[in-house]
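# A closer look at the structure
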Amino acid sequence: MDAKIVGERLTRISHLPGRALFVFGSENVRKESVQISKVDRCMARAVYKISMDGHAPPVYFGPDARTGICPGGQGWCGIATTSQMTKFFISTGRPDFMNGAAEYLKPDPAAAERFLAAPGKIAFPYKYLNIAGWDQLEDDQDVLSLIMIGNAESIRNLGGLIQYVFDEMFKSIVMPSGPSCASMITYAAGLSEKAPRDTAFIGPVDPTGNVWFPPDMMSMAIPFDMARKMVENIEDSFLTKRAEVAFPVKRLGIGEKAEHDQ
């Protein structure tokens, strides 16, 4: 199935406020693309902007195209080595590193070290990785994954479609720890050695992104082969057969009973 069809159908059927994005590899830079740091220093925030702004250009990044990108994002997306001192920053801090700044995401440096090692090797399989809206994709792109950003209902319904298609109830959707860029890019695109395949990743779970990521929205990143199977099953699923249940026109108050409870 054409990748554009996959992106367009998932955007429409899940009522996304923006557009689904593709992550794809390339050996060259598309002439209309810009380095991702031109959109935002934070890779995850750049993803959000591209999803919500239909006029935003495609972006690219790589080991030789990482100027201006957050150091943490560079490490988690495989384009640079993570500093050995990061374990202090994401846990309790250390006086001689970044003036003792700490995020308290882990209880101590040892736990932070285990956390940083958990994804295994993060490989970068192309010269560049690119992120573009589904409507910006060219026919010959090597698509790795999709990123979708929506409200809670949209993400719930996408999760329901995944569970309709796949039998692995406790493995088909996960919400792993890690920075927002890993939730959106790294895991689903297959960059992380230990990230499961045929699995969708909900996020972000990193509270440091709460200052810019809307409180009523979440992301879902899906490997492309998985997304294609989802689209192939839309017509037979609840999203088509019972669209009024997936996206109700009338909402019940707390004291009202649903029709099947009458």
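Provided above is the structure to which this section pertains.
Residues numbered from 1 in each chain as written. Predicted model: local features only at pLDDT ≥ 70, side-chain atom pairs only at ≥ 80, totals over all residues. Heavy atoms only, no water.

If you look at the biggest cluster of nonpolar residues, it comprises 41 residues, and the most contacted ones within it are Ile-36, Met-43, Val-47, Phe-61, Ile-131, Met-184 and Ile-185. Among the secondary structure elements, those contributing two or more residues to this core are strand S1 (21–26), helix H2 (43–52), strand S3 (59–61), helix H5 (109–117), strand S4 (128–133), strand S5 (142–151), helix H7 (180–186) and strand S8 (217–223). Sort the elements by how many residues they give to this core and H2 lands first, with 6 residues. Each residue touching Ile-131, except ones within four places of it in the same chain, is listed here: Leu-21, Phe-22, Val-23, Ile-36, Val-47, Pro-58, Val-59, Phe-61 and Ile-185. Judged by nonpolar contacts, the second largest core, of 32 residues, contains Val-143, Met-148, Phe-224 and Met-226. (Core = buried A, V, L, I, M, F, W, Y, C linked by side-chain atoms within 4.5 Å. Buried < 20%, exposed > 50% of the residue type's maximum accessible area, 1.4 Å probe, protein only. Helix = DSSP H or I, 4+ residues; strand = E, 2+ residues; numbered from the N terminus. Contact = heavy atoms within 4.5 Å.)

Right, let's talk about the packing of helix H6 (residues 152–165) against helix H8 (residues 224–232) for a bit. Put simply, H6 and H8 touch, their axes get as near as 9 Å, and they point 85 degrees apart. The angle between the axes of H6 and H8 places the two elements in the roughly perpendicular class. Contacts from Leu-158, Leu-161, Ile-162 and Val-165 of H6 reach H8 at Met-226, Lys-229 and Met-230. Looking at the contact of H6 with H8, its residues break down into 6 nonpolar, no polar and 1 charged. (Axes fitted to C-alpha atoms, helices over the stretch in contact; angles between N-to-C directions. Parallel < 35°, antiparallel > 145°, perpendicular 65-115°, else oblique. Nonpolar A, V, L, I, M, F, W, Y, C, P; charged D, E, K, R; others polar.)

It is worth spelling out the environment of Met-218 at this point. Relative to the assigned elements, Met-218 resides in strand S8. Apart from residues no more than four positions distant in its own chain, Met-218 is found in contact with Met-148, Ile-149, Gly-150, Ile-155, Met-175, Ile-202, Gly-203, Pro-204 and Phe-213.

Moving on, we get to the pattern of salt bridges. Applying the stated criterion to the full structure yields 10 salt bridges. Measuring nitrogen to oxygen at the nearest pair gives 2.6 Å for the salt bridge that ties Arg-228 to Asp-225. With Arg-228 and Asp-225 both in helix H8 and 3 residues apart, the pair spans about one turn of that helix. On the basis of relative accessible area, Arg-228 is assigned to the partly exposed category, the value being 25%. A network of salt bridges, in which partner residues are shared, links Arg-30, Glu-32 and Glu-138. (Salt bridge = Lys/Arg side-chain N within 4 Å of Asp/Glu carboxyl O.)

Turning our attention to the state of the cysteines. Inspection of the entire model under this criterion finds 0 disulfides. Of the cysteine sulfurs around Cys-42, a residue in no disulfide, the closest is that of Cys-70, at 6.5 Å. Free of any disulfide, Cys-77 has its nearest neighbouring cysteine sulfur in Cys-181, separated by 4.4 Å. Exposure remark for Cys-77: the relative accessible area of 0% places this residue in the buried category. (Disulfide = S-S within 2.5 Å.)

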